[in-house]
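These are the residues of each chain, in order.
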Amino acid sequence: MKTLPLLVVALMAAALATAAPAFAQAPTIQVNRENRTIAITATDKVTAIADTATVHIGFIAYGPDSDAAYATGSRISNAIVKSLTAAGVPSDAIESENQNVSPVQEYQIDKLTPAEKAQRKFQVVQSWTVRTPADDAAKILDLAVKAGANQSGQIDWSLKDENAPQAEAAGKALQRARTVASEMAKGLSVKLGALIYANNETQAEPPHPLMQAMTKGRATAAPVPLAINPRRIEKSATVYAVFAIE
């Protein structure tokens, strides 16, 4: 029976590996003279300034009974949304996150005076997320706070196109793998050949501290918005690459 050339066998194996599900483990390849390959794992990253912000806004309002708390909450709720939409924020960019009417627990008000306790028997809590261009995050927060959003401030930063920096990171990692493989080939006194297999593994983003919610209680309107700058977002990729050697 005729034996297939080693490189053809390697290419067939690579094709089968590529067709496997994305979560399948990379094949175990021994680096030796028999299989004539060099396997490299390399990691690289790119950073980009966030172009999208998701601003978390909300409020807490109190009342001596459920109806009074609800009436106050309704007034603040509508004032916040009206302030945002009047400023040109699209309605579909404002998403409800939480809303609740409930009795206030005794431990929450145990340090208040009897008169203050009488006015805080029930509470209304409501929150939203507002998706906006990163440069408008401070403006959105300012509008909401001035309209009564006294529990606001957390901002999640992201990119409209998450794939572009991820692809760039993978490309840089692959180039790094090729550079390392080329140096290894020189050390083995052989010539680096074609790439016959590559697998990209996306790295999880490390947690980033988020802006804490503003203190409870009605906030005093600031004359100008807070100074808020979009953060840098890091995307990294790890590439497992197998190169033929000649």
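Residues numbered from 1 in each chain as written. Predicted model: local features only at pLDDT ≥ 70, side-chain atom pairs only at ≥ 80, totals over all residues. Heavy atoms only, no water.

## Quick notes on the overall build of the chain
Helix and strand counts for the chain come out as six helices and seven strands. Its helices and strands taken in sequence order, the chain reads α-β-β-α-β-α-α-β-α-β-α-β-β from the N to the C terminus. Within the chain, the fraction of its 246 residues that count as buried is 35%. Taking the intrachain contacts of the chain between residues at least 6 apart in sequence as the baseline, contacts between residues at least 24 apart amount to 86%. By element, 55% of the accessible surface of the chain is carried by carbon and sulfur atoms, the whole surface being about 14,800 Å². (Helix = DSSP H or I, 4+ residues; strand = E, 2+ residues; numbered from the N terminus. Buried < 20%, exposed > 50% of the residue type's maximum accessible area, 1.4 Å probe, protein only. Contact = heavy atoms within 4.5 Å. Areas by Shrake-Rupley, 256 points an atom, 1.4 Å probe, with all protein chains shown as cover.)

## Brief notes about the sheet that holds strand 5 (residues 155-158)
Ordered in space as 3-4-2-5, the four strands form an open sheet in which the pairing is antiparallel. Whereas interior strands pair on both sides, the edge strands pair on one side only; in this sheet they are strand 3 (94-103) and strand 5. Shown here is a sheet whose adjacent strand axes are inclined to one another by a mean of 15°, direction ignored. One ladder, built from nine bridges, connects strand 3 with strand 4 (residues 122-133); its direction is antiparallel. Following the sheet pairing, valine 101 is matched in strand 4 by valine 124. In the packing of helix 2 (residues 66-86) onto the sheet, contacts are made with strand 2 (52-63), strand 3 and strand 4, and the angle to strand 2 comes to roughly 155°. Its contacts with the sheet put helix 5 (residues 137-146) on strand 2, strand 4 and strand 5, and the angle it makes with strand 2 is roughly 10°. (Pairing = 2+ DSSP bridges. Axes fitted to C-alpha atoms, helices over the stretch in contact; angles between N-to-C directions.)

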